[in-house]
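Structure at a glance
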Amino acid sequence: MEAIKHRALLKMQSYINGQWHASTKQFAVHNPANQQTIALVDDAGIDGTVLAIEAAKSAFKAWSSKSANERGTLLRRWYQLMLEHQDDLALILTQEQGKPLAEAKGEIAYGAAFLDWFAEEGKRCYGDIIPGPASDKRILVIKQAVGVVAAVTPWNFPNAMIARKAAAALAAGCTFVVRPAQLTPLSALAMAELAHQAGIPAGVFNVVVGEDARGMGKILTESTDVAKFTFTGSTAVGKQLIAQCAGSVKKVSMELGGNAPFIVFDDADIDAAVQGALASKYRNAGQTCVCANRFFVQRGVYKVFAEKLAAALAQLPVGNGLANDVVIGPMISEQAKNNVHELVTDSVSAGAKILSGGEAHHAGSHFYQPTIMTDVTNDMPIARNEIFGPVAPLIVFDDEAEVIQLANDTEYGLAAYFYTRDIGRVWRVGEALEFGMVGVNEGIISNAAAPFGGVKQSGSGREGSQYGLDDYTEIKYLCMGGLNA
Ligand code: SIN
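Throughout this document, residue positions are counted from 1 along each chain, in the order its sequence is written. Given that this is a predicted model, residues contribute local features only at a pLDDT of at least 70 and side-chain atom pairs are listed and counted only at 80 or more, while totals for whole chains, interfaces and linings are drawn from all residues. Calculation of side-chain values draws on the structure's entire complement of heavy atoms; hydrogens and water are dropped beforehand.

We now examine the overall build of the protein chain. Only runs of H or I of at least four residues qualify as helices and only runs of E of at least two qualify as strands under DSSP, and these elements are numbered from the N terminus. In terms of regular secondary structure, the protein chain is built from 14 helices and 20 strands. In terms of C-alpha radius of gyration, the protein chain reaches 23 Å, essentially the compact-globule figure of 23 Å for 485 residues. Expressed as lengths along the three principal axes of its C-alpha atoms, the size of the protein chain is roughly 75 × 60 × 40 Å. Relative accessible area decides the class of each residue, using a 1.4 Å probe on protein chains only: under 20% of the type maximum gives buried, over 50% gives exposed, and in between gives partly exposed. When burial is assessed residue by residue, the protein chain has 55% of its 485 residues classed as buried. Residue contacts are counted whenever heavy atoms from the two residues lie within 4.5 Å of one another. In the protein chain, 72% of the contacts between residues at least 6 apart in sequence involve partners at least 24 apart. Carbon together with sulfur atoms contributes 52% to the accessible area of the protein chain, which is approximately 18,800 Å² in total. In this charge count, Lys and Arg are treated as positive and Asp and Glu as negative; neither His nor the chain ends contribute. Charged side chains are reduced to one point each, which is NZ for Lys, CZ for Arg, CG for Asp and CD for Glu. Measuring between centres, the 41 positive side-chain charges of the protein chain sit 6 Å from its 50 negative side-chain charges. With C-alpha atoms as the basis for the radius of gyration, the globule rule is written as 2.2 Å multiplied by the number of residues raised to the power 0.38. For accessible areas, the Shrake-Rupley method is used with a probe of radius 1.4 Å. Any residue's cover is judged against the shown protein chains and nothing else.

Glancing now at the sheet that holds strand 20 (residues 473–480). Strand order in the open sheet made by the three strands is 5-6-20, with antiparallel pairing throughout. Here the strands that pair on one side only, and so sit at the sheet edges, are strand 5 (128–131) and strand 20. The average undirected angle you get between the axes of adjacent strands in this sheet is 25 degrees. DSSP-based pairing: two strands are paired if at least 2 bridges between them are found. Bridging between strand 6 (residues 138–145) and strand 20 involves eight bridges; their strand directions are antiparallel. Within the sheet, the bridge partner assigned to Val-141 lies in strand 20 and is Tyr-477. Every axis in this analysis is a line fitted to C-alpha atoms, fitted for helices over the stretch in contact. Angles between the N-to-C directions lie between 0 and 180 degrees.

So, about the site of the ligand. The criterion for a residue being near a molecule or strand is simple. One of its heavy atoms has to lie within 4 Å of it. Around the ligand sit 13 residues, and of these Tyr-110, Arg-164, Arg-283, Cys-289 and Ser-446 come closest. Residue Cys-289 places a main-chain N or O atom 2.8 Å away from an oxygen atom belonging to the ligand. Think of a polar contact as two N or O atoms within 3.5 Å of one another; within protein, one of them needs to be a possible hydrogen donor and the other a possible acceptor, and neighboring residues in sequence only count if both atoms come from side chains. Contact distances for the ligand include 2.5 Å between an oxygen atom and a side-chain N or O atom of Ser-446. When the ligand is considered free in solution it has 260 Å² of accessible area, and contact with the protein chains removes 99% of it. Of the residues that make up the shell around the ligand, three or more belong to each of domain 1 (7–257 + 458–477) and domain 2 (260–409 + 415–448). All domain edges in this entry derive from an automatic or database-based domain assignment.

Here the focus is the nonpolar core. What is meant by a nonpolar core is a set of buried Ala, Val, Leu, Ile, Met, Phe, Trp, Tyr and Cys residues, joined one to another through side-chain atoms within 4.5 Å. Among the nonpolar cores identified, the biggest contains 101 residues, and Trp-78, Phe-176, Phe-205 and Phe-305 are the most heavily contacted of them. Examining the composition of this core, we find that eleven residues originate from one element, helix 5 (residues 160–172), more than from any other. For this core, the two domains that each supply at least three residues are domain 1 (7–257 + 458–477) and domain 2 (260–409 + 415–448). Ignoring anything within four residues of it in the chain, the contact list for Trp-78 reads Leu-115, Ala-166, Leu-170, Met-191, Leu-194, Ala-195, Ala-198, Ile-200 and Phe-205. If you look at the next biggest cluster of nonpolar residues, it comprises 32 residues, including Phe-265, Tyr-368, Met-380 and Phe-435.

Taking burial as the measure, the five residues of strand 12 (residues 260–264) include five buried ones, the bulk of the element. Here strand 12 shows a buried face lined by Ala-260, Phe-262 and Val-264 and a second buried face lined by Pro-261 and Ile-263. Two strands pair when backbone bridges link them, and strand 12 and strand 13 (residues 292–298) are joined in this way by five bridges, in the parallel orientation. Looking at the pairing, Phe-262 lines up with Phe-295 of strand 13. Bridge count between strand 12 and strand 17 (residues 415–419): three bridges; the pairing is parallel. Each bridged residue has a counterpart across the sheet, and for Phe-262 the counterpart in strand 17 is Tyr-417.

Among the secondary structure elements, His-85 is positioned in the loop between helix 2 (68–84) and helix 3 (86–97). Those residues in contact with His-85 that lie beyond four places of it in its chain are His-6, Leu-9, Leu-194 and Gln-197.

With respect to the helices, strands and loops of the structure, Ser-223 is situated in the loop between helix 7 (213–222) and strand 10 (228–232). Once residues within four sequence positions are removed from consideration, Ser-223 is found in contact with Ile-53, Lys-218, Ser-248 and Lys-250.

What follows covers the packing of aromatic side chains. Centre distance and the angle of the planes are the two values used to describe a pair of aromatic rings. Side-chain rings of Phe, Tyr and Trp (the six-membered ring for Trp) are treated as a pair once their centres are within 6.5 Å; stacked means planes under 30 degrees apart, edge-to-face means over 60, and tilted covers the remaining angles. Tallied over the full model, the rule gives eleven aromatic pairs. Ring geometry for Phe-265 versus Phe-418: centroids 6.5 Å apart, planes at 90 degrees, classification edge-to-face. Taken together, the residues Phe-265 in the loop between strand 12 and helix 9 (270–282) and Phe-418 in strand 17 connect sequence positions 153 residues apart. Phe-418 shares its class with Phe-265; the two are buried. Here a set of aromatic residues connected by ring pairs shows up, and it is made of Phe-262, Phe-295, Phe-305, Tyr-417 and Tyr-419. Each ring is checked for a lysine NZ or an arginine CZ that lies within 6 Å of its centre and within 35 degrees of its normal; such an atom marks a charge sitting over the ring. Against the face of Trp-20 rests Lys-11, its NZ or CZ located 5.2 Å from the ring centre.

Positive phi outside glycine occurs at Asn-284, with the angle close to 55 degrees. By the element assignment, Asn-284 lies in the loop between helix 9 and strand 13. By relative accessible area, which is 2% here, Asn-284 ends up buried. Notably, Asp-375 is not glycine yet its phi reads approximately 55 degrees, a positive angle. With respect to the helices and strands, Asp-375 occurs in the loop between strand 15 (371–374) and helix 12 (381–384). Judged by its relative accessible area of 39%, Asp-375 is partly exposed.

Bringing the packing of helix 4 (residues 101–121) against helix 5 into the picture now. Interhelical geometry of helix 4 versus helix 5 gives an angle of 5 degrees and a closest axis separation of 8 Å. When the axis of helix 4 is compared with that of helix 5, the two are roughly parallel. Facing Glu-107, Tyr-110, Gly-111, Phe-114, Leu-115 and Phe-118 of helix 4, the residues of helix 5 in contact are Ala-160, Met-161, Ala-163, Arg-164, Ala-167, Ala-168 and Ala-171. In this count, Pro and Cys sit with the nonpolar residues alongside Ala, Val, Leu, Ile, Met, Phe, Trp and Tyr, while Asp, Glu, Lys and Arg are called charged and the others, Gly among them, polar. The residue inventory of the contact of helix 4 with helix 5, partitioned by class, reads ten nonpolar, one polar and two charged. Should an angle lie under 35 degrees it is considered roughly parallel, over 145 roughly antiparallel, and from 65 to 115 roughly perpendicular; all remaining angles are considered oblique.

Below, the structure is given as C-alpha cells:
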C-alpha cells in the first residue's frame, strides 16, 4: 500500500463494539490495476457478524437516548476527520477499487458530505400534532429510531455508500452494522478508525469484513435483533435479500441496478451534452448504478453528437488510477471486463457498429477501451442490460413520444438524463420518465442534499436529503385523551 501518511488508517481487522477483532482466517485484497496483493485482512465471518449485531443491540438504548445535538456533534467530528484525511483515504480507495485518485478524493468528499448533512438533519426529525376526533382528544406524532440497522454495501463506492447509510442511521438514533464488499474492505475499516477517533461510542458503528457474502448476509437479513436492512448492489442480489428479510418483517431499503437513458434532443446544447455524457458515462469506468446506459440521440444531431463525443473521449487517458492525469481506471475484475466485452460483441453481431474502442485495453487484464457504439437498437444486449463498463451505445430517435416510450422500456427506474433547451419539453419529459432521479441538462446528479433512489426494479427508499431520515425512523402516534375540564 503506497504513500499513506497516517498508517493508523490501515486496518486489517473488523471493528466490533469499539474494538479491532482478530481472526485466524484471512483473505487477500488486490489492486485491480495490477493485481498486486495490497493487504491480508482478518475474516470475521458469521461469528463476527453475530457479535457485531449483539454490540449494536446493546448500544442502541444509550445512543438513541442522546439528543440529536449530541449525535450531530459526533457526526460532525467524524466528518471533519474524513476531510482531514481525504488524501490518505483516497489513496486507500484507489488502490483497492481502481478509480483515479482525483475521483477517489471526490468520493471521500461526497461521503463526508452525508455526515455533515445528517449531523444537521437529525435535529429536524419533526413530529406533528393533529386535531383529535373529539374535543377532549389530541393526536401527537413522534418519530423514533427503528433500532439496529444492518447494511451491505458495494465495491464501486467503498466509502460513500457506507457514509450515506450510516450518517442517516446514526443521526436518527439507530446503531449500525455494515458488511462492505470483500473486494474493498480497507476503505470501510479506515472509516471505522475515524469513527473511533471521533468518539462514536462502542457498538454504535460496526464494520464486519469477510469473504462469506452469502453466510454473513443471511445473518444480517434474518436476525430478529436487526430492525432494518439496507442494501446497495445488483437487482438480482437485492431480490434475494428482500426475500430473506421477509421472515422477520424488516423495514427494507434497496438501491439496486439501473439502465439510465441519456436523451439528446435536436435543440440541445451539444457541447454541454457531450460534457454531461462523459461525466455520467465514464465516471468510475462506467461502474456506477446511475451511469448513462443508453444514449438516445435525435436524428438531426446524431452524427455531430457522436463525432464530438468520440473526439472528447480520445482525450481521456486510461491507466492505473495512481498515475497523474489518468481519468479512466481499470474495471474491478477480469470477469467484469469480459462481461462487458460479451455485451459489445453480441450487439455487434446483431448489427451495431463500433465508432471507437470495442476491445480490451493494453493497460492490463482488467482494462477495457472506452467505447462508443452506433447503430444500436433498444432490443440489443448492450441496451437491455446494465453495462457497468465504459461503453456508450448510441440509439437514434425521431420524436419525443417515441423516445419516452423507448426510455421507459426497461424494468429499471433509477436515473435518467436529458438535454433540451425547450422549457415545455423539460416539464413534459421530466414528468413522463419513469425514473427516481432525472438530470435535466446535467450529467452528475448525486449529492447529499438530493433524495437518491429508484422506482420499479431499481429499488425503494431514498438516501440523502430531508427524506433520508425516513427510512431509519418509525412513526408513533400518541392519543391524548381526557383533556376537557
Ligand atoms: C452507486 O453507483 O451505487 C452510487 C452512485 C452515486 O451515489 O452517485
